[in-house]
Amino acid sequence: MLFLSDNAASVHPKLWEAMRAADGPDSPYDGDGHSQALDEKFSEVFGRDCVALWVATGTAANCLALATLCQPHGGVVCHEEAHIEADEGGAPGFFLHGAKLILCQGESAKLTPQAVRAAIDPIRDDVHQVQPHALSITQASEYGVAYRPAEVKALATLARERGLGFHMDGARFANATAYLGCSPGEAAGPVDALSFGCVKNGGMSAEAILFFDPALADVAKYRRKRAGHLQSKGRFLAAQLHAMLDGDLWLENARAANAAAAEIATSCGERLMHPVEANEVFVTLSPDEREALRARGFQFYDWGADAARFVTAWNTREEDACALADAIAAL
């Protein structure tokens, strides 16, 4: 009974079908029909024009997006537990050629305008200090909590006032959108660039970077090639993204994962460390309690000395989620 990560979930059958259907002669790189059609398809989903570039990983999506928004001598404002700070092996510094991450605090790994101001207001406007160039938030956050549209709008307003590019890490954007019950455009707000997650939501090897400013995309295309992410058979990545969007499969998958997480949360009570608004459940558990759960066949990651993280996926079986909920309740 696997609750390690949504990265470990199976590839959705519809994506396999789409890749097989794309297995024929076509233009290489991103000149194929599937890739060429992505801009229009994503623009329809978000209700405003955008340019969509596929890449193979979320790390590449985040870093290539941020590299267009931040110069090497600048800084990116983010939460201290953001994926770009804690889980990308220094890739932002590599892709951004040494640009600094300016860290903020915030409950459930979310930023507020007040937290951002506290981090950037003390920075003097002179060459001796790194100047903020971009703001990056995660939707849903690293603790599975969704930004409401009004919260994103407030951060976007601050970013505009301070001349910051605005990026959203949407590795679990589908889960946040499904939870909020709003349109994708409302869940993303007026961001400049969005890393649209696919792999965690039933994909195999494709993520999308969405740029809502064509000029940014023009720069990112060169950076993507230079970084080794312009795959010669890009149609297979594009086909996955099309399949995910067709019939709102991306939201269907996210709703299934969210429902499984909500089922687990019902039995956690005061053990819950954060609200469960996506597909991650953070629970206080002693080492002995964690071992007892593992002895019953549950696989998950420890989260510090006295907690655990359980992640559900599009194909988490209802009986497995119920069994975990019962097991936690019985501890």
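Counting starts from 1 at the beginning of each chain's written sequence and moves along it residue by residue. Local features in a predicted model are, by the rule used here, given only for residues with pLDDT of at least 70; side-chain atom pairs are given and counted only at 80 or more, and totals for whole chains, interfaces and linings are based on all residues. Working from all heavy atoms in the structure, the side-chain values ignore hydrogens and water.

Another point: the pattern of salt bridges. Any carboxyl oxygen of Asp or Glu within 4 Å of a side-chain nitrogen of Lys or Arg constitutes a salt bridge here. Taken as a whole and assessed by the stated rule, the structure comprises 16 salt bridges. Note that R124 and D126 form a salt bridge whose closest N and O atoms lie 2.9 Å from each other. When accessible area is computed with a 1.4 Å probe and restricted to protein chains, residues below 20% of their type maximum are described as buried, those above 50% as exposed, and intermediate ones as partly exposed. On the basis of relative accessibility, which here comes to 44%, the residue R124 falls in the partly exposed class. In this structure, the salt-bridge partner of R294 is E291, at a minimum N-O distance of 3.3 Å. Of this pair, R294 and E291 both sit in helix α14 (residues 287–295), three residues apart, roughly one helical turn. By relative accessible area, R294 is classed as partly exposed at 28%. Judged by relative accessible area, E291 falls into the partly exposed class, the value being 47%. What emerges from the salt-bridge pattern is a single network uniting D6, R172, E280 and R309. Helix and strand assignments follow DSSP, with helices taken as H or I runs no shorter than four residues and strands as E runs no shorter than two, numbered in order from the N terminus.

Turning next to the nonpolar core. Judged by nonpolar contacts, the single largest core of 56 residues is most densely connected at F42, L194 and F196. Of all the elements, helix α12 (residues 235–245) adds the most residues to this core, at eight residues. If we skip the residues at most four places from it in the chain, F196 touches F42, F46, G170, F173, E207, A208, L210, L245 and W250. Throughout this description, the term nonpolar core refers to a set of buried Ala, Val, Leu, Ile, Met, Phe, Trp, Tyr and Cys residues connected via side-chain atoms within 4.5 Å. A61, C78, A99 and A217 belong to the second largest nonpolar core, which has 28 residues in total. Only heavy atoms enter the contact rule, under which two residues are in contact if any of them lie within 4.5 Å.

Over its twelve residues, helix α15 (residues 318–329) extends 17 Å from the first C-alpha to the last, a length consistent with the 16 Å expected when each residue adds 1.5 Å. Here α15 has its buried residues at D320, A321, L324, A325, A327 and I328. End-on, the buried residues of α15 take up no more than an arc of 165°, which puts them together on one face. Among the exposed residues of α15, those pointing more than 90 degrees away from its buried face are E318 and D326. Elements in contact with the buried residues of α15: α13 (249–265), α14 and β10 (307–311). The span one expects for a helix is its residue count, reduced by one, times 1.5 Å. An arc is given here, and it is the one of the directions from the helix axis to the C-beta atoms.

Moving on, we get to the side chain of S5. Tracing the backbone through its elements, the reader meets S5 in the segment before α1 (13–21). Of the residues examined, S5 reaches a relative accessible area of 14% and is grouped as buried. Any N or O atom pair separated by 3.5 Å or less is treated as a polar contact, with the protein-specific requirement of one donor-capable and one acceptor-capable atom, and with residues adjacent in sequence counted only for side-chain atom pairs. Separated by 3.5 Å, the side chains of S5 and D6 make a polar contact.

Only Phe, Tyr and Trp rings are paired, with Trp represented by its six-membered ring, and only when their centres lie within 6.5 Å; those with planes under 30 degrees apart are stacked, over 60 edge-to-face, the remainder tilted. Per the counting criterion, the structure on display carries 13 aromatic pairs. Judged by centre distance (6.0 Å) and plane angle (75°), the rings of Y143 and W303 are edge-to-face. Of this pair, Y143 sits in the loop between β4 (131–138) and α8 (149–162) while W303 sits in the loop between β9 (301–302) and β10; the two residues are 160 residues apart in sequence, bridging distant segments of the chain. Given the relative accessible area of 29%, W303 is considered partly exposed.

Now for the environment of T112. With respect to the helices and strands, T112 occurs in the loop between β3 (100–104) and α7 (113–120). Put simply, T112 and Y143 are 31 residues apart on the chain and 15 Å apart in space, counted from C-alpha to C-alpha.

Right, let's get into the sheet that holds strand β6 (residues 193–196). In a beta sheet, neighbouring strands pair by backbone hydrogen bonds and run either parallel or antiparallel. Two strands form a pair only when DSSP identifies at least two bridges running between them. Strand order in the open sheet made by the seven strands is β1-β7-β6-β5-β4-β2-β3, with mixed pairing throughout. Lying at the two open borders of the sheet, with one neighbouring strand each, are β1 (51–55) and β3. Direction aside, the axes of adjacent strands within the sheet are offset by 25° on average. Examined bridge by bridge, β1 and strand β7 (residues 207–211) share five bridges and lie antiparallel to one another. Note on β7: the bridge partner recorded for L53 is I209. Together, β4 and β5 (165–170) form the strand contacts of α8, whose direction differs from that of β5 by roughly 145°. Where helices are involved, their axes are fitted lines through C-alpha atoms of the stretch in contact, as for all axes, and angles between N-to-C directions lie from 0 to 180°.

None of this, on its own, says anything about what the molecule does.
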